[in-house]
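What follows is the residue order along each chain.
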Amino acid sequence: MGQIRFGPARVPSRESPAAAVELLLERGYTACEIDFESGFWMDYPWAERFGELAREAGIVLSVHAPIAGFMGHAERGRKLNMAVGMLDHSAGVAKAAGAELVVFHPGFLLGRSREAALDSVCEQLGELRARLEGKDRAVPFGVEVMGRVRELGTVDDVIEIASRCGWVRPVLDFAHMHATSDGGFTETGAFAAALKQAASVLPRGVPFHIHFSDIQYANRNETKHLPYGEGTLRAEPLTEALARLKRPATVISESPDEASSQTIRSILLAEAPA
């Protein structure tokens, strides 16, 4: 098994970078995702100091871009420009903090065929990449598997985007995948198959980036993240699947409470190397 880093989907304190890193260490975390889903709250000096302290503490960082920061807009105009600006700024913060990647959502079908929507996503990502290169902030991006069964963002969609855009990596959200498969992720084999798909488009040695929590769903669509144990998604099969591969992994808990994150952490790290 490769090394597993584990941490929360939210910075645990906005008081100061030092307070945030202190809490992460107290809770035994070795990763943290900077939470911009609802908007930007961290400036560049905060990000730089947070990154410095996190590196000293052995904590790896990632950034989750705002929800509206998706690619594949059917029409060019204000919404696309706003999304590009959000992803641009997310990349700037990620570079300042030394984050591994920027996680973003793949967008929507918007009445188009899946092929047309994927073409649009990849075209707009290419334009974004050129902009980021011009600003010296061309950090890796991670496209997340979504929890809507009839929309863009299946694991196959994410693998396709990553295969066509070499700087984009797949982000496996097993809660979303459990929902859209109607509870299909209960055995090690299902987790291993998804990880092998992701590995096929990841550069050698690059860690898996994984989101994990228990989940409530209806009609194969996610409804909300649950405290661990209230649903049917379990961490043991993920642990066993990761043990089959030599690739390291960063696992981010999207659980709604600290106790759940600690339970998942104890299962994942029970057999992982320090």
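Structure: see above.
An account of the accompanying structure is given in this report. Here the structure is a predicted model, which means the values were calculated and not measured. (Residues numbered from 1 in each chain as written. Predicted model: local features only at pLDDT ≥ 70, side-chain atom pairs only at ≥ 80, totals over all residues. Heavy atoms only, no water.)

**Some details on the overall build of the chain**
Using the following cut-off: Secondary structure is summarised from DSSP: a helix means a run of H or I of at least four residues, a strand means a run of E of at least two, and numbering begins at the N terminus for each. Radius of gyration: C-alpha atoms only; globule rule: 2.2 Å multiplied by the number of residues to the exponent 0.38. Residue contacts are defined here by distance: any two heavy atoms, one from each residue, within 4.5 Å place the two residues in contact. Working definition of accessibility: Shrake-Rupley area with a 1.4 Å probe, residue cover restricted to the visible protein chains. Positive residues here are Lys and Arg, negative ones are Asp and Glu, while His and the chain termini are left out of the count. Charged groups are reduced to one reference atom each: NZ for lysine, CZ for arginine, CG for aspartic acid, CD for glutamic acid.
On a plain count of helices and strands, the chain comes out with nine helices and 10 strands. In terms of overall dimensions, the chain is globule-like: its C-alpha atoms have a radius of gyration of 18 Å, near the 19 Å expected for 274 residues. When the backbone C-alpha atoms are referred to their principal axes, the chain occupies close to 50 × 45 × 35 Å. Within the chain, counting contacts between residues at least 6 apart in sequence, those at least 24 apart form 76% of the total. In the form shown here, the chain has an accessible surface area of approximately 11,300 Å², with 49% of it arising from carbon and sulfur atoms. Averaging the coordinates of the 29 positive side-chain charges in the chain and doing the same for the 36 negative ones gives two points 4 Å apart.

**Digging into the pairing of strand E1 (residues 4–8)**
For clarity, the threshold we go by: Burial here depends on accessible area, computed with a 1.4 Å probe over protein chains only, as a share of the maximum for the residue type. Under 20% is buried, over 50% is exposed, and the range in between is partly exposed. Two strands pair if DSSP finds at least two bridges between them.
Counting buried residues along E1, four of its five residues qualify, which places the element largely inside the surrounding structure. Note: E1 against strand E10 (residues 249–253), five bridges, orientation parallel. Looking at E10, one finds that Phe 6 is bridged to Val 251.

**Observations concerning the side chain of His 73**
To keep it simple, the criterion reads: Polar contact criterion, stated in full: a pair of N or O atoms within 3.5 Å, where within protein one must be able to donate a hydrogen and the other to accept it, and residues adjacent in sequence count only if both atoms are side-chain atoms.
With respect to the helices and strands, His 73 occurs in the loop between strand E3 (60–64) and helix H3 (78–97). Classification of His 73 as buried rests on a relative accessible area of 8%. Within the structure, His 73 has its side chain in polar contact with the backbone oxygen of Phe 70 (distance 3.0 Å). If we skip the residues at most four places from it in the chain, His 73 touches Lys 79, Leu 80, Ala 83, Leu 110, Arg 112, Ser 120 and Gln 124.

**Notes on the nonpolar core**
One broad trend across soluble globular proteins is that nonpolar side chains are buried collectively. Put simply, the rule is: Among the buried residues, those of types Ala, Val, Leu, Ile, Met, Phe, Trp, Tyr and Cys that are joined through side-chain atoms within 4.5 Å form a nonpolar core.
Counting residues in hydrophobic clusters, the biggest one holds 84 residues, and the most contacted among them are Phe 50, Leu 125, Phe 141, Phe 174, Leu 195 and Phe 212. The greatest single-element share of this core, amounting to nine residues, is contributed by H3. Those residues in contact with Leu 195 that sit more than four places away from it in its chain are Leu 172, Phe 174, Phe 208, Ile 210, Leu 238, Ala 241, Leu 242 and Leu 245.

**Things to note about the environment of Thr 188**
Of note, Thr 188 is situated in helix H7 (residues 188–199). What makes Thr 188 buried here is its relative accessible area of 10%. Each C-alpha atom, one on Thr 188 and one on Leu 61, is 27 Å from the other, the two residues being 127 residues apart in sequence. With sequence-adjacent residues up to four places away left out, Thr 188 is seen in contact with Pro 237, Glu 240, Ala 241 and Arg 244.

**A closer look at the packing of H7 against helix H8 (residues 236–243)**
In helix packing, the relevant descriptors are the interaxial angle and the interaxial distance, both defined with respect to the helix axes. Inclusion rule: Structural elements are reduced to axes, namely lines fitted to C-alpha atoms, with helices fitted over the stretch in contact, and the angle between N-to-C directions of any two is expressed from 0 to 180 degrees. The cut-offs work like this: below 35 degrees is roughly parallel, past 145 is roughly antiparallel, 65 to 115 is roughly perpendicular, and the gaps in between are oblique. Crossing handedness follows the turn of the near helix against the far one: under a right angle anticlockwise gives a left-handed crossing, and clockwise gives a right-handed one. Amino acids are sorted into nonpolar (Ala, Val, Leu, Ile, Met, Phe, Trp, Tyr, Cys and Pro), charged (Asp, Glu, Lys and Arg) and polar (every other residue, Gly among them).
Packing of H7 against H8 brings their axes to within 8 Å, and their N-to-C directions diverge by 50°. Overall, the two elements H7 and H8 adopt an arrangement that is oblique. Once H7 is placed against H8, the crossing between them reads as right-handed. Here Thr 188, Phe 191, Ala 192 and Leu 195 of H7 lie close against H8, whose contacting residues are Pro 237, Leu 238, Glu 240, Ala 241 and Leu 242. A per-class count over the contact of H7 with H8 returns seven nonpolar, one polar and one charged.

**Points about the packing of aromatic side chains**
The cut-off we apply is this: Only Phe, Tyr and Trp rings are paired, with Trp represented by its six-membered ring, and only when their centres lie within 6.5 Å; those with planes under 30 degrees apart are stacked, over 60 edge-to-face, the remainder tilted. Here, over-ring charges are defined by two tests on the NZ atom of lysine or the CZ atom of arginine: distance to the ring centre within 6 Å, and angle to the ring normal within 35 degrees.
Tallying each qualifying case throughout the model produces 11 aromatic pairs. Seen in terms of ring centroids, Phe 6 and Tyr 29 are 6.0 Å apart; in terms of plane orientation they differ by 45°. Their pairing is tilted. Of this pair, Phe 6 sits in strand E1 while Tyr 29 sits in the loop between helix H1 (17–26) and strand E2 (31–35), and the two are 23 residues apart along the sequence. Owing to a relative accessible area of 0%, Phe 6 belongs among the buried residues under this scheme. Three or more aromatic residues link up through ring pairs in this structure, and these residues are Phe 36, Phe 40, Trp 41, Trp 46 and Phe 50. Sitting above the plane of the Tyr 228 ring, Arg 234 keeps its charged end 5.4 Å from the centroid.

**Observations concerning the packing of H3 against helix H4 (residues 114–134)**
Closest axis-to-axis distance for the H3/H4 pair is 11 Å, and the angle between their directions is 45°. Overall, the two elements H3 and H4 adopt an arrangement that is oblique. The interaxial crossing formed by H3 with H4 has right-handed handedness. Residues Leu 80, Val 84, Gly 85, Leu 87, Asp 88 and Ala 91 of H3 pack against Gln 124, Leu 128, Arg 131 and Leu 132 of H4. Of the residues belonging to the contact of H3 with H4, the class tally is six nonpolar, two polar and two charged.

**Details of unusual backbone geometry**
Positive phi values are uncommon outside glycine, yet Asp 182 reaches one of about 60°. One can find Asp 182 in the loop between helix H6 (174–180) and H7. In this structure Asp 182 comes out as exposed when scored by relative accessible area, which is 53%. At Asn 219, a residue that is not glycine, the phi angle is positive and equals roughly 55°. Looking at the element boundaries, Asn 219 is found in the loop between strand E8 (214–218) and strand E9 (221–226). Since its relative accessible area comes to 69%, Asn 219 is described here as exposed.

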